[in-house]
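Below, each chain spelled out in residue letters.
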Amino acid sequence: MKFFIDTANLDEIKEAQELGVLDGVTTNPSLMAKEGITGKENILNHYLKICEIVDGDVSAEVIGTSFEEMIMEGEELAKLHPQIVVKIPMIKDGVKAIKYFTDRGIKTNCTLVFSSGQALLAAKAGATYVSPFIGRLDDISTDGLLLIDEIRKIYHNYNVKTQILAASVRHTMHVVNCAKIGADVMTGPLSAIEGLLRHPLTDSGLEKFLADAQSMNV
């Protein structure tokens, strides 16, 4: 399973990259605003900075909601850097835009997916990635992991090439369970990735090793 980090914070991206497990980055307008990045030129430049840090795909989201707006923005984003993946919302014109970009060899990430039917449509249009938001489903007392499982089964039935990108990952167990189900990618905060490092027996074991080494004057 690929590990993406869901942020626009360059320091967090660098830290994840230095860990040696980062495969890509996802962003959205909210994450850009959180970092105080406003204005078209600044946003485009920030995407380029992200591409300079990571080796994998970087999802850059369109703002427009009409077919024409998404095509115009998406083509501009795609020209920025070969690593850019155009992030398109799961709406009617969005599906049309995904098909348009697919036919032209431009990678896409269909975002704001909350049902297996939506994931099926995105795949039919040729999306490179489909992003089911499992954390937001959990927020409304719906098991987001069940959606990942449904999509995995459907895609397996028809040998669909679209990659399942588990989005809105909140914590470490989301990561582990997505891997069990067979998600192709997860994207979440740095804390969810670093949480995989921690186990109390690792901490106590290391403490004992160090204490024994000190007693031997190593």
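Look up a bit, the structure's there.
Residues numbered from 1 in each chain as written. Predicted model: local features only at pLDDT ≥ 70, side-chain atom pairs only at ≥ 80, totals over all residues. Heavy atoms only, no water.

Draft legend 1. Quick look at the packing of helix α4 (residues 67-80) against helix α5 (residues 92-103). Relative to each other, α4 and α5 sit at 40 degrees, their axes nearing to 9 Å. When the axis of α4 is compared with that of α5, the two are oblique. In terms of crossing hand, the pair formed by α4 and α5 is right-handed. In contact with Phe67, Met70, Ile71, Gly74 and Glu75 of α4, α5 contributes Asp93, Gly94, Lys96, Ala97, Tyr100 and Phe101. (Axes fitted to C-alpha atoms, helices over the stretch in contact; angles between N-to-C directions. Helix = DSSP H or I, 4+ residues; strand = E, 2+ residues; numbered from the N terminus. Parallel < 35°, antiparallel > 145°, perpendicular 65-115°, else oblique. Left-handed = near helix turned anticlockwise from the far one by under 90°. Contact = heavy atoms within 4.5 Å.)

Draft legend 2. Structural view of a negative patch on the surface. Together, Asp11, Glu12, Glu15, Glu18 and Glu35 line one region of the surface with negative charge. Assignment of secondary structure puts aspartate 11 in helix α1 (residues 10-19). Accessibility expressed as a relative area gives 56% for aspartate 11, which makes it exposed. (Patch = residues over 30% accessible without salt bridge, like charges linked within 9 Å, V, L, I, M, F, W, Y side chains within 5 Å. Areas by Shrake-Rupley, 256 points an atom, 1.4 Å probe, with all protein chains shown as cover. Salt bridge = Lys/Arg side-chain N within 4 Å of Asp/Glu carboxyl O. Lys, Arg positive; Asp, Glu negative; His and termini not counted. Charge placed at Lys NZ, Arg CZ, Asp CG, Glu CD. Buried < 20%, exposed > 50% of the residue type's maximum accessible area, 1.4 Å probe, protein only.)

Draft legend 3. Structural context of the side chain of asparagine 9. Among the secondary structure elements, asparagine 9 is positioned in the loop between β1 (2-6) and α1. Exposure remark for asparagine 9: the relative accessible area of 18% places this residue in the buried category. A polar contact of 2.9 Å, which involves the side chain of asparagine 9, links it to the backbone nitrogen of glutamate 12. (Polar contact = N/O pair within 3.5 Å; in protein donor to acceptor, adjacent residues only side chain to side chain.)

Draft legend 4. Here's a closer look at helix α6 (residues 116-124). Along α6, the residues that are buried comprise Ser116, Ala119, Ala122 and Ala123. Seen end-on, α6 carries its buried residues on one side only, within an arc spanning 115 degrees. The elements touched by buried residues of α6 are α5, β5 (108-113), β6 (129-132) and α8 (144-157). Taken from the residues just after α6, glycine 126 is the one with a positive phi, measuring 100 degrees. (Arc of directions from axis to C-beta.)

Draft legend 5. Spatial organisation of the pattern of salt bridges. According to the stated counting rule, one finds nine salt bridges in the structure shown. As a salt-bridge pair, lysine 87 and glutamate 61 come within 3.8 Å of each other at their nearest N and O atoms. With a gap of 26 residues between them, lysine 87 in strand β4 (residues 84-89) and glutamate 61 in strand β3 (residues 57-61) connect regions that are remote in the sequence. For glutamate 61, a relative accessible area of 15% gives the class buried. Ionic pairing is found between arginine 170 and aspartate 139, a salt bridge with its closest N-O pair at 2.9 Å. On the criterion of sequence distance, the pair formed by arginine 170 in the loop between β7 (163-166) and α9 (172-181) and aspartate 139 in helix α7 (residues 134-139) is long-range, its members being 31 residues apart.

Draft legend 6. Fine view of the nonpolar core. Counting 56 residues, the largest nonpolar core has Ile13, Val25, Val54 and Ile88 as its most contacted members. Once you skip the residues sitting within four places of it in the chain, isoleucine 88 turns out to touch Val62, Met70, Gly94, Ala97, Ile98, Phe101, Asn109, Cys110 and Thr111. Residues Phe4, Val85, Leu165 and Val185 belong to the second largest nonpolar core, which totals seven residues. (Core = buried A, V, L, I, M, F, W, Y, C linked by side-chain atoms within 4.5 Å.)

Draft legend 7. Quick peek at the pairing of β6. Residues of β6 alternate between two faces, with Tyr129 and Ser131 on one and Val130 and Pro132 on the opposite face, all of them buried. Strand direction decides the pairing type here: β5 and β6, joined by three bridges, are parallel. Each bridged residue has a counterpart across the sheet, and for valine 113 the counterpart in β6 is proline 132. Once you follow β5 into α6 and on to β6, the crossover reads as right-handed. Two elements, β6 and β7, share two bridges in a ladder whose sense is parallel. The residue of β7 that forms the bridge with tyrosine 129 is glutamine 163. (Pairing = 2+ DSSP bridges. Right-handed = clockwise from strand over helix to strand, strands pointing away.)

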